[in-house]
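Secondary and tertiary structure notes
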Amino acid sequence: MIRDQETLGQLIDGIARFVRERLVPAEAELAETYNIPESIVQDMRDIGLFGLTIPEAYGGLGLTMEEEVLVAFELGQTSPAFRSLIGTNNGIGSASIVFDGTEAQKQRYLPRYATGELIGSFCLTEPDVGSDAASVKTTAKKDGDHYVINGTKRFITNAPIAGTFTVMARTNPEIKGARGVSAFIVDATSSGVTVGPKDKKMGQAGSHTADVIFDDVRVPAENLIGGKEGEGFITSMKVLDRGRLHISAVSVGIAERLIDDALRFAMERQQFGKPIAEHQMIQAMLADCKTEAYAARCMVLDAARKKDLGQQVATEASCCKLFATEMVGRVADKAVQIHGGSGYIAEYAVERFYRDVRLFRLYEGTSEIQRIVIARNMVKAAS
Amino acid sequence: MKILVAVKRVVDYNVKVRPKSDGTDVDIANVKMSINPFCEIAVEEAVRLKEKGVATEIIAISMGPKQAQEQVRTALALGADRGILVESDEDLQPLAIAKMLKAIVEKESPDLVILGKQAIDGDNNQTGQMLGALTSMPQGTFASEVNVADGRVSVTREIDGGLQTVNLSLPAIVTTDLRLNEPRYASLPNIMKAKRKPMDTFTPEDLGVDATPRVKTLSVEPPAERKAGIKVADVAELVDKLKNEAKVI
C-alpha cells in the first residue's frame with residue numbers, strides 16, 4: 001500500500017540519488033577498509049535512513065510494507081554493507097519494541113533508533129542455535145527486580161557498534177520451546193556484556209558481526225519487552241515476514257545493479273569485431289537475468305501489497321525469500337561470466353557482489369527452512 | 001527577511017536526452033524530471049540564510065505544468081516554508097517567466113529573490129536579468145558567495161578572468177553559480193512533512209501575463225557524431241595537417 005504516490009516518489013528519488021551520488025562511489029573504499037566512512041554514516045543519519053520503519057509517532061517514517069520494499073529495491077543498488085548498517089534499526093533490532101514494547105520502552109528507545117543515535121542489535125542465534133531458533137540456551141533468571149542473563153550469542157549483526165541488544169533468553173527452563181523464551185533490552189554498556197572480535201566473512205565487507213557474551217548481566221525487570229515472560233520468541237516471529245520480504249527486495253535491487261553492470265560491460269567489450277552484447281550466448285544470459293529479476297520484483301510487490309492489506313503472507317514471504325535470494329545468486333554468477341576474466345578481478349564490482357549475495361541464502365532463514373515453511377503451510381492449508 | 005526562490009522543472013541531469021524523431025523538440029516522454037541543479041543551489045542558499053537567522057521566510061515558486069508542483073515540494077522538503085505554482089501548459093520562455101515573477105514580487109515583496117543563473121534545458125541565462133530590468137531591482141548574477149548585512153547584500157560574482165564583488169541594496173536579485181554551495185539531500189522525514197506545507201496555485205491570467213511563446217524553435221538535432229581519427233607518423237605530419245587540412249594554425 002502506498003499512502004501518497006507523489007510523496008513516495010520524492011522519497012524514492014531522494015534515496016536513489018543518495019545511493020548513486022554518495023554510496024556507489026564509496027563502494028571500493030568500503031571493500032578495502034572494511035569500514036563505512038563516518039561522514040557517510042552521518043549523512044545516513046541526517047537523511048533519516050535509520051528510521052524507515054519506525055512509526056511516525058516516534059520520529060520514523062512508518063513505511064508500509066510496499067513502501068519499504070520499494071525503498072529496499074533502491075538500497076540494493078549498492079554494497080549491502082550500507083543497508084546492513086541501517087538494517088537492524090529498521091528490522092529485528094527495533095521490531096520487538098515496535099510490536100510489543102510497553103509505551104515507556106517505546107518512548108525511551110524508538111526515537112533514538114529512528115535518528116540513528118542508537119544502534120539496536122538483535123541477539124537470537126547462538127553457537128548451537130541456528131535454524132532451530134526456539135531452542136535458545138541463553139538463560140535469564142529472575143533476581144528481585146532484575147533478571148540475570150547468561151549465554152553466548154553468535155553472528156550478531158552490528159554488535160560492535162550497538163547501543164542496545166534485544167536478547168532472546170530462556171526465562172522458563174521447564175518449557176523447552178518458544179514459550180519459555182523472553183526478550184530483553186540490554187544496554188551494551190551493562191556490566192558483563194562482552195562483544196567478541198569482528199567475524200572475518202566471505203563478503204559484505206564493512207558489515208560487522210560478532211559474538212556477544214553475557215556473563216551474569218543484570219538487567220532491570222522493566223527491560224523485559226512487553227513486561228511479560230514467554231512472549232519474546234513469539235514477538236520476534238512477528239517480524240519474520242517483514243524481514244524476509246525486505247531481504248527479498250534487497251536481492252532484487254542487487255540483481256538489477258548486477259544486470260546493469262553486466263549489460264554496460266557487454267555493450268563496451270568488443271570480441272570478434274563486435275560488442276559481446278551482440279553475441280547470442282551473452283544475450284541469453286542477459287535475458288535470463290532480466291526475466292528472473294523481474295519475476296522476483298513482481299513477487300515481492302505482490303506479497304508486500306497483500307501484507308499491507310492485512311492478509312497472512314507467511315507462505316508468500318518464504319516463496320519470495322527462497323526465489324529472490326537464489327535468483328540473485330544465479331544473476332551474480334552470470335554477471336561474473338559475462339565479464340569473463342575481468343569478473344574475477346576485484347576492480348569490477350561484480351566480483352564483490354558475487355561474494356556478498358551468498359549470504360542472502362543463509363540468513364533470515366536458509367533456503368531449506370523457506371522450503372519447509374512453504375511446504376508445511378501448503379499441507380496445513382489442504383488438510 | 002523574506003526570500004523568494006525560483007525552481008525550474010527540467011529533465012534530470014543524469015538523463016541522456018534525445019531529439020524527437022520529427023526534430024521538433026527534445027523528447028521528454030517518460031523521462032525523469034528534477035529540479036534544475038542551479039535552482040537547487042538557490043534553494044540551499046536561501047535555507048542557509050534562514051538557518052543563520054538572516055531570513056525568516058522562504059517562498060519557493062515554480063512555473064510550468066501541474067507536475068511542476070513536485071519541484072516546489074522538493075524545495076519545501078529542503079527547507080522552504082511555502083510554495084507557489086504558476087500552472088501553465090504553454091512553453092514558458094524567460095520573458096514570460098520574468099513578467100510572472102515580477103507579479104509575484106509585487107504581491108509578496110521579498111527582500112531577496114534567488115534564482116539559478118540558468119536552467120540546464122534551455123541554457124538561456126536570461127530570467128534573472130530580465131526580472132532585474134522589469135522590477136528595477138539591483139542584481140548580482142553568477143554568485144559564488146552571498147553575504148547579507150545591514151539591509152544590503154554583497155555578492156561575489158564569477159566573471160571571465162576572475163571574481164567581482166558587488167554590493168547591492170535590498171530588495172535585490174541574486175542568480176547562483178555552481179560554486180556557491182553544495183546542496184544538501186532532503187531528509188526523508190522532511191520529504192514527508194513537505195506535503196503538509198501550504199502551496200498556492202495561480203495561472204498566467206491570474207497574474208495578468210500573456211505567456212504566449214515569443215521565440216520559435218525551428219528544429220532540434222543531435223550533435224554531429226564524432227568521426228574516426230587517424231594516426232600521424234610524426235610531429236611534422238601533424239603540423240602539416242593542422243596547417244593545411246584543418247587550417248587551425
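Note that the structure is a prediction, hence the values are computed from the model and not measured. (Residues numbered from 1 in each chain as written. Chains lettered and ligands numbered in written order. Predicted model: local features only at pLDDT ≥ 70, side-chain atom pairs only at ≥ 80, totals over all residues. Heavy atoms only, no water.)

1. Structural notes on the overall build of chain B
For clarity, the threshold we go by: Note on conventions: DSSP H or I runs of at least 4 residues are helices, E runs of at least 2 residues are strands, and numbering of each starts at the N terminus. Exposure categories follow from relative accessible area, calculated using a 1.4 Å probe and restricted to protein chains: below 20% of the type maximum is buried, above 50% is exposed, and the middle band is partly exposed. Contact between two residues is taken to exist if any of their heavy atoms lie within 4.5 Å; hydrogens are not considered. The accessible surface values rely on the Shrake-Rupley method and a 1.4 Å probe; as for residues, cover is taken only from the protein chains in view. Only four residue types enter the tally: Lys and Arg on the positive side, Asp and Glu on the negative side; His and the chain ends are excluded. Taken as the charge centre is NZ of Lys, CZ of Arg, CG of Asp or CD of Glu, depending on the residue.
The helix and strand tally for chain B stands at six helices and 11 strands. The principal-axis extent of the C-alpha atoms belonging to chain B is close to 65 × 45 × 40 Å. Counting across all 249 residues of chain B, residues that qualify as buried make up 45%. For chain B, contacts bridging at least 24 residues in sequence account for 71% of all contacts bridging at least 6. Carbon and sulfur atoms make up 50% of the accessible area of chain B, which amounts to about 13,300 Å² in all. For chain B, the separation between the mean place of its 33 positive charges and that of its 36 negative charges on side chains is 2 Å.

2. Things to note about the overall build of chain A
Rules: Between the two quantities, the radius of gyration covers C-alpha atoms and the globule rule is 2.2 Å times the number of residues to the power 0.38.
When its secondary structure is counted, chain A shows 13 helices and nine strands. Relative to the globule expectation of 21 Å for 383 residues, the C-alpha radius of gyration of chain A, 21 Å, shows essentially globular dimensions. Projected onto the principal axes, the alpha-carbon positions of chain A cover approximately 80 × 55 × 45 Å. Scored against the burial criterion, the 383 residues of chain A give a buried share of 53%. Once local pairs closer than 6 in sequence are excluded, the contacts in chain A between residues at least 24 apart make up 76%. Counting every atom, chain A has about 16,700 Å² of accessible surface; 54% of that belongs to carbon and sulfur. Of the side-chain charges in chain A, 44 are positive and 50 negative, and the distance between the mean point of each set is 4 Å.

3. A look at the interface of chain B and chain A
Put simply, the test is: The term buried area refers to how much accessible surface (probe radius 1.4 Å) is lost by two components on association, counted for both of them together. Here a salt bridge means any side-chain nitrogen of Lys or Arg lying within 4 Å of a carboxyl oxygen belonging to Asp or Glu. Any pair of nitrogen or oxygen atoms within 3.5 Å is treated as a polar contact; in protein, a donor-acceptor pairing is required on top of that, and neighbouring residues in sequence qualify only through side-chain atoms on both sides.
If you look at the interface, chain B gives 16 residues, while chain A gives 20 residues. Across the chain B to chain A interface the summed buried area is about 1,800 Å²; carbon plus sulfur atoms make up 56%. Measuring nitrogen to oxygen at the nearest pair gives 3.9 Å for the salt bridge that ties Glu6 of chain A to Lys195 of chain B. Linking chain B with chain A are eight residue pairs in polar contact (both at pLDDT 80 or more). Secondary structure elements with two or more residues in the side of chain B that touches chain A: helix H2 (69–78) and helix H5 (188–194) of chain B.

4. Regarding H2 of chain B
Residues and elements named next belong to chain B. The buried fraction of H2 is high, at eight of 10 residues. Three or more residues of H2 are buried, namely Gln69, Gln71, Val72, Arg73, Ala75, Leu76, Ala77 and Leu78. Looking one or two residues beyond H2, the residue adopting positive phi is Gly79, at roughly 140 degrees.

5. Brief notes about the nonpolar core
Keep this limit in mind: Remark: nonpolar core denotes a set of buried residues (Ala, Val, Leu, Ile, Met, Phe, Trp, Tyr, Cys) joined through side-chain atoms within 4.5 Å.
With 110 residues, the main nonpolar core has Met44, Leu49, Leu52 and Leu258 of chain A together with Leu112 of chain B as its most contacted residues. With residues up to four places along the chain from it excluded, the contact list for Leu258 of chain A reads Val328, Val331, Ala332, Ala335, Val350 and Phe353 of chain A.

6. Quick notes on the state of the cysteines
All names here are of chain A. Note the cut-off: Cysteine sulfurs are considered disulfide-paired once they come within 2.5 Å of each other.
The full count for this structure, using the stated rule, is zero disulfides over all chains. For the unlinked cysteine Cys298, the closest cysteine sulfur is that of Cys320, found at 10 Å. Looking at Cys298, the relative accessible area reads 37%, which means it is partly exposed.

7. A word on unusual backbone geometry
All names here are of chain B. Following Leu170, the chain continues to Pro171 via a peptide bond in cis, the omega torsion being 0 degrees. Inspection of the secondary structure assignment puts Pro171 in the loop between strand E9 (162–169) and strand E10 (172–176). Although it is not a glycine, Asp123 sits at a positive phi angle of roughly 50 degrees. Counting through the fold element by element, Asp123 comes out in the loop between strand E6 (112–116) and helix H4 (127–135). Positive phi outside glycine occurs at Asp150, with the angle close to 50 degrees. As for its position among the elements, Asp150 is in the loop between strand E7 (139–149) and strand E8 (152–159). Take Asp150: its relative accessible area is 79%, and that puts it in the exposed class.

8. Quick word on the domain arrangement of chain A
All names here are of chain A. To keep it simple, the criterion reads: By convention here, the domain bounds are inherited from an automatic or database domain assignment. When residues are sorted by character, Ala, Val, Leu, Ile, Met, Phe, Trp, Tyr, Cys and Pro go into the nonpolar class, Asp, Glu, Lys and Arg into the charged class, and all the rest, Gly among them, into the polar class.
Entries for chain A in the domain assignment read domain 1 (5–115), domain 2 (120–231) and domain 3 (234–382). Relative placement of domain 2 and domain 3: their C-alpha centres are 31 Å apart. Opposite the 11 residues of domain 2 that make contact, domain 3 presents 10 residues. Interface area lost by domain 2 to domain 3 is led by Met202, Gln204 and Glu231, which between them contribute 53%. Our enumeration of links across domain 2 and domain 3 arrives at zero salt bridges. Here domain 2 is connected to domain 3 by four residue pairs in polar contact (both at pLDDT 80 or more). Looking at the side of domain 2 that touches domain 3 residue by residue, the classes come out as five nonpolar, four polar and two charged.

9. Thoughts on the pairing of strand E4 (residues 57–64) of chain B
Residues and elements named next belong to chain B. Counted only if it meets this: In this analysis, strands are considered paired if DSSP registers two or more bridges between them. By convention, a crossover is right-handed whenever its connection, traced from the first strand over the helix to the second and viewed with the strands pointing away, goes clockwise.
Within E4, seven of the eight residues are buried, leaving the element largely enclosed by the surrounding structure. For E4 and strand E5 (residues 82–87), the ladder comprises six bridges, and the chain directions are parallel. Residue pairing across strands places Met63 opposite Val86, the latter belonging to E5. Read as a crossover between parallel neighbours, the route from E4 over H2 to E5 is right-handed.

10. Quick notes on the packing of aromatic side chains
Residue and element names in this part refer to chain A. The condition is simple: Aromatic rings from Phe, Tyr and Trp, taking only the six-membered ring of Trp, are treated as a pair when their centres fall within 6.5 Å; an angle between ring planes under 30 degrees marks them as stacked, one over 60 as edge-to-face, and anything in between as tilted.
Here the structure, examined in full by the defined rule, presents six aromatic pairs over all chains. Centroid distance Tyr109 to Tyr113: 6.2 Å. Interplanar angle 20 degrees. Geometry classified as stacked. With a gap of four residues between them, Tyr109 and Tyr113 both fall in helix H7 (residues 103–115), about one helical turn apart. Tyr113 carries the same exposure label as Tyr109, and that label is buried.

11. Re the pattern of salt bridges
All names here are of chain A. Across all of its chains, the model carries 41 salt bridges over all chains by this definition. A salt bridge links Asp100 to Lys238, with the shortest nitrogen-to-oxygen separation between them at 3.2 Å. You can see Asp100 sitting in helix H6 (residues 92–100) and its partner Lys238 sitting in helix H8 (residues 232–238), a full 138 residues away along the chain. Among the residues examined, Lys238 registers a relative accessible area of 40% and is labelled partly exposed. A single network of salt bridges, built from pairs that share partners, joins Glu27, Arg257, Asp260, Asp261, Arg264 and Arg352.

12. Re the environment of Arg269 of chain A
All names here are of chain A. By the secondary structure assignment, Arg269 is in the loop between helix H9 (240–268) and strand E8 (270–271). Residue classification places Arg269 among the partly exposed residues on the basis of a relative accessible area of 40%. Note: C-alpha distance between Arg269 and Gln105 (164 residues apart in sequence) is 56 Å. Excluding residues within four positions of it along the chain, Arg269 makes contact with Lys274, Pro275 and Ile276.

13. As for the sheet that holds E6 of chain B
Residue and element names in this part refer to chain B. Heads up, the rule is: Here an axis means a line fitted to C-alpha atoms, over the contact stretch when the element is a helix, while the angle between two N-to-C directions is reported on a 0 to 180 degree scale.
The strand order across the open sheet built from nine strands is E9-E8-E7-E10-E6-E1-E4-E5-E11, with neighbouring strands paired in mixed fashion. Where the open sheet ends on each side, the last strands, each with one partner, are E9 and strand E11 (199–202). Going across the sheet, the axis of each strand differs from the next one's by a mean of 30 degrees, ignoring polarity. In this sheet, E9 lies alongside E8 in antiparallel orientation, the contact comprising eight bridges. Looking at the pairing, Val155 lines up with Val166 of E9. Along the sheet, helix H1 (residues 37–51) makes contact with strand E1 (2–6), E4, E6, E7 and E10, crossing E6 at roughly 150 degrees. Contacting E4, E5 and E11, H2 runs over the sheet at an angle of about 165 degrees to E5.

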